[in-house]
Every structure is written in C-alpha cells, then in structure tokens.
Amino acid sequence: MIAETSKGAIVNAVPDFAQPELLVGLLLAHLLADFYFQPYSWVKQRNERHALALPLYLHALLHGALAFIALVLLSGNDSMATIGIATLIIAVSHFKIDVIKSYCSQNTTAFVIDQLAHVAVILGVFLYATNQWHSALALLKLLGAQHLAVLLAYLAVLKPSSIVIKQLLSPWSSEVLTNKPPSAHPNDPPTITTEAQQTLSLAGQRIGYLERVLMLTFVLLNQFSAIGFLIAAKSIFRFGDLTKHQDRKLTEYVLLGTFTSVAITLAIGLACSAVLGHLPIKS
C-alpha cells in the first residue's frame, strides 16, 4: 500500500469540488433519460430516420427537462440565465451527439464513445454552473508519473500483451490448429466455419483482455489471492472442454497461453507497483 504520508499529501493536494450532488444529479438524469425513459422504438426510429425522427427531439427535450430539474434543485445558483444556458447545452448537445451516432455502426465502440461524449458535456455543464473551472485545471496539474504509470500498465495488458502472447505461442499455434484429428466421436462439437472461428477468436481475445485487466487490478490492490481464484475459475470452465477433446497438445497449448498471460500481467503489475512505491515484497 502507499505510505500514509504519501496518501495524506495526495489527499491534501486534491482540490475540493463544491456541490458534488449537482454532478451526481446530472449523471442520474442522464442515466434515467438514456436507459430507462427511452423506448426501443425511439432508438429504432433514430437509427432509421436520423435527424428527421420525432422521438429524437422528444428524447433531447426529456434530457433537458431532467437536467433542468437537477440544476434548479441542486445547483444553488439563483441565476435562471445560467440554468437555462446549461439546460440548453445538455439538450442540444445530446441531440447532435445522437444524430452523429445514428449514422455509425451500432457496436460497443460507438456506444462507449457516445456515452463518453455525453459525460464530457455533463462535466462541462457542472463546471460552468458552479464556476469551478479553476478546480478542474488544478486537478489536471496534479497528474504525474504515478497516474501515467497506471494508465500505461492498463494499456500494456490489453493489445500489446495480446500481440506478445500470440507471437510467443505462434510456433505451437499452427501445429495445434492444423494437426487436430478429425472429429469422429459423437459427442464432439460440429465443424465450425471460418467465420465462426474468427468470431470465437475475437471473443477469446476479449476474454483475455478482461482477464488481464482483472489480474492487474488485483496486483495493484495487493490482492494476489484473488488472482489465484480467477485462474482456478478459468481452469474449471476449461476443464470440461479440454476433457471432451482429449487432445494433449491442445491442453498444453491452453495452459501455456494462460501462464504466459499471467506472467506478463504480473510483470507489468509489479513494475507499476514499483513506480507507485508499494511493492508487496518488502526488503
């Protein structure tokens, strides 16, 4: 863990934001309007008719109305002009962002970018309504090597680690995939098409991402027992599949991939912990 003196210095240096309840209220208003008060028919019409869809205008007005309620009740600002401008910013920006999204592919990436854009607008409105731009700038100035080290660690365990693991396993990958005996057992799964194999490969990559992000988080929290639980859970789920195939090479290949992923993540996590100054091993 970080030393108590270091913790105290960090906490004292962080600027205080007044009226955090307003930020929570605006985020709550966004959550309700975007996920609970928006029927699927509205989403469908937006994706089909784009800016000509009437529900899109209703959706933007709903966001504006809920944001207005939050601003009136929680901002403590007596200026109706400020509240009105803030409400207009949220409603108009939400309309424009959703129009842009309606022309994009409806996938996870588009969804995440869409939500980040909305949250960025809400943060801007919060700072505008409470006049706390100086606190935000002071917070940005606090970003240092420790914060960048954590960001670098999480980025490193995603695609870069995936590429490294793929390269390390490449001498055995072709052998496992090409020399696999034909399916003759009645309980064997049916032959998978190339398209399905690509989809499963992508799913496996996403599982690897999530697995390494969880392991890195456990390392940074000094919870190594949780890593053991994660590996054990994965082994249990893979046991049945490996037993059914009765392929020793495949079993060894899966184990090699798992241990390689764990080793890389532990190395990155321990290196990051060293930068943060809270290595689990004390000299």
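Now for a quick tour of the structure. Please read all numbers here as calculations on a predicted model, not as lab measurements. (Residues numbered from 1 in each chain as written. Predicted model: local features only at pLDDT ≥ 70, side-chain atom pairs only at ≥ 80, totals over all residues. Heavy atoms only, no water.)

1. Concerning the overall build of the protein chain
Note the following rule: The way it works is that DSSP assigns letters per residue, a run of H or I at least four long becomes a helix, a run of E at least two long becomes a strand, and they are numbered from the N terminus. Think of it in three bands: with a 1.4 Å probe and only protein chains considered, a residue is buried below 20% of the maximum accessible area for its type, exposed above 50%, and partly exposed in between. When checking whether two residues touch, look at their non-hydrogen atoms; a contact exists if any pair is within 4.5 Å. Per-residue and other accessible areas were derived by the Shrake-Rupley procedure at a 1.4 Å probe size, with only the shown protein chains allowed to occlude residues.
A count of helices and strands for the protein chain gives 12 helices and 0 strands. Counted from the first residue to the last, the protein chain has its helices and strands arranged as α-α-α-α-α-α-α-α-α-α-α-α. A total of 283 residues make up the protein chain; the buried ones form 31% of that total. Partitioning the intrachain contacts of the protein chain with sequence separation of at least 6 by distance along the chain shows that 78% fall at a separation of at least 24. Taken as a whole, the protein chain presents about 17,900 Å² of accessible surface, with 70% of it coming from carbon and sulfur.

2. Some words on the packing of helix α2 (residues 20-36) against helix α6 (residues 108-130)
Going by this rule: Fitted lines through C-alpha atoms serve as axes, helices being fitted only where they are in contact, and the angles separating the N-to-C directions of these axes extend from 0 to 180 degrees. Handedness of a crossing is defined here by the sense of rotation of the near helix relative to the far one, left-handed for an anticlockwise turn of less than a right angle and right-handed for a clockwise turn. The nonpolar class holds Ala, Val, Leu, Ile, Met, Phe, Trp, Tyr, Cys and Pro. Asp, Glu, Lys and Arg form the charged class, and all remaining residues, Gly among them, are polar.
Relative to each other, α2 and α6 sit at 145°, their axes nearing to 10 Å. Relative to α6, the crossing made by α2 is right-handed. Residues Leu 22, Leu 23, Leu 26, Leu 27, His 30, Asp 34 and Phe 35 of α2 form the contact with α6, whose participating residues are Phe 111, Gln 115, His 118, Val 119, Ile 122, Leu 123, Val 125, Phe 126, Ala 129 and Thr 130. Tallied by class, residues from the contact of α2 with α6 come to 12 nonpolar, 4 polar and 1 charged.

3. Brief notes about empty space enclosed by the protein
Here is the rule we go by: Both cavities and pockets are sets of points on a 1 Å grid over the protein atoms alone; in a cavity a 1.4 Å probe fits but cannot get out, in a pocket the set is open with protein on both sides within 12 Å along at least five of seven lines, and lining residues sit with an atom within 4 Å of a point. Grid points are joined across faces, edges and corners, and a volume is the space filled by probe spheres set on the points.
Taken as a whole, this structure holds 1 cavity of 30 Å³ or more when the rule is applied. For the largest cavity, the calculated volume is near 90 Å³. Every residue lining the largest cavity is listed: Leu 26, Ala 29, His 30, His 63, Ala 67, Ile 90, Ser 93, His 94, His 118, Val 121 and Ile 122. Mapped by element, the contributors of at least two residues to the lining of the largest cavity are α2, α4 (54-74), α5 (80-102) and α6. For the lining of the largest cavity, the per-class residue count stands at 6 nonpolar, 5 polar and no charged.

4. Comments concerning unusual backbone geometry
Glycine aside, the phi torsion of most residues is negative, and most peptide linkages are trans. A positive phi is found at His 50, a non-glycine position, where the angle reads about 60°. Positionally, His 50 belongs in the loop between α3 (40-49) and α4.

5. Here's the deal with the side chain of Ser 93
Stated precisely, the cut-off is as follows: Polar contacts here mean pairs of N or O atoms no more than 3.5 Å apart (in protein, one a potential hydrogen donor and the other a potential acceptor; neighbouring residues in sequence count only if both atoms are side-chain atoms).
Looking at the element boundaries, Ser 93 is found in helix α5. Side-chain polar atoms of Ser 93 contact the backbone oxygen of Ile 90, separated by 3.1 Å. Setting aside anything within four residues of it in sequence, one finds Ser 93 in contact with Leu 88 and Val 121.

6. So, the side chain of Thr 265
On the secondary structure map, Thr 265 appears in helix α12 (residues 248-276). Within the structure, the side chain of Thr 265 is placed 2.8 Å from the backbone oxygen of Ser 261, a separation counted as a polar contact. When residues no more than four places from it in sequence are discounted, the contact partners of Thr 265 are Val 157, Arg 212, Met 215 and Leu 216.

7. Focus on the nonpolar core
Heads up, the condition is: We define the nonpolar core as a collection of buried residues of types Ala, Val, Leu, Ile, Met, Phe, Trp, Tyr and Cys that are connected through side-chain atoms lying within 4.5 Å of one another.
Core analysis: the biggest nonpolar cluster contains 15 residues, and Leu 22, Leu 26, Leu 71, Ile 90, Val 125 and Phe 126 have the highest contact counts within it. Secondary structure elements with two or more residues in this core: α2, α4, α5 and α6. Here the element with the most residues in this core is α6; it accounts for 5 residues. Once you skip the residues sitting within four places of it in the chain, Val 125 turns out to touch Leu 26, Ala 86, Ile 89 and Ile 90. With 11 residues, the next largest nonpolar core counts Ala 149, Val 157, Leu 216 and Cys 272 among its residues.

8. Examining α2
Operational definition: For a helix, the expected span equals 1.5 Å multiplied by the number of residues minus one. Comment: arc refers to directions from the helix axis out to C-beta atoms.
Taking 1.5 Å of rise per residue, the 17 residues of α2 would be expected to cover 24 Å, and the 23 Å separating its terminal C-alpha atoms lies within 8% of that figure. Listed as buried for α2 are Leu 22, Leu 23, Gly 25, Leu 26, Ala 29, His 30, Ala 33 and Asp 34. Projected onto a plane normal to the axis of α2, the buried residues spread over an arc of 165° and lie on a single side. Residues of α2 that are exposed and point over 90 degrees away from its buried face: Val 24 and Tyr 36. Elements in contact with the buried residues of α2: α4, α5 and α6.

9. Some remarks on the pattern of salt bridges
In plain terms, the rule: Any carboxyl oxygen of Asp or Glu within 4 Å of a side-chain nitrogen of Lys or Arg constitutes a salt bridge here.
One pass over the structure, following the stated rule, counts 2 salt bridges. Taking the shortest distance from any N to any O, the salt bridge between Arg 46 and Asp 98 comes out at 3.8 Å. Note that Arg 46 is positioned in helix α3 and Asp 98 in helix α5, a separation of 52 residues in sequence. Salt-bridge contacts for Lys 101 lead to Asp 114; the nearest nitrogen and oxygen are separated by 3.8 Å. Of this pair, Lys 101 sits in helix α5 while Asp 114 sits in helix α6, and the two are 13 residues apart along the sequence. Here Lys 101 and Asp 114 have matching classes, each one buried.

10. What to know about the environment of Leu 169
For Leu 169, the location among the structural elements is in helix α9 (residues 159-178). Under the relative-accessibility criterion, Leu 169 is labelled buried at 7%. Once the C-alpha coordinates of Leu 169 and Gly 257 are considered, the two residues, 88 residues apart in sequence, prove to be 7.1 Å apart. Those residues in contact with Leu 169 that sit more than four places away from it in its chain are Tyr 253, Leu 256, Gly 257 and Thr 260.

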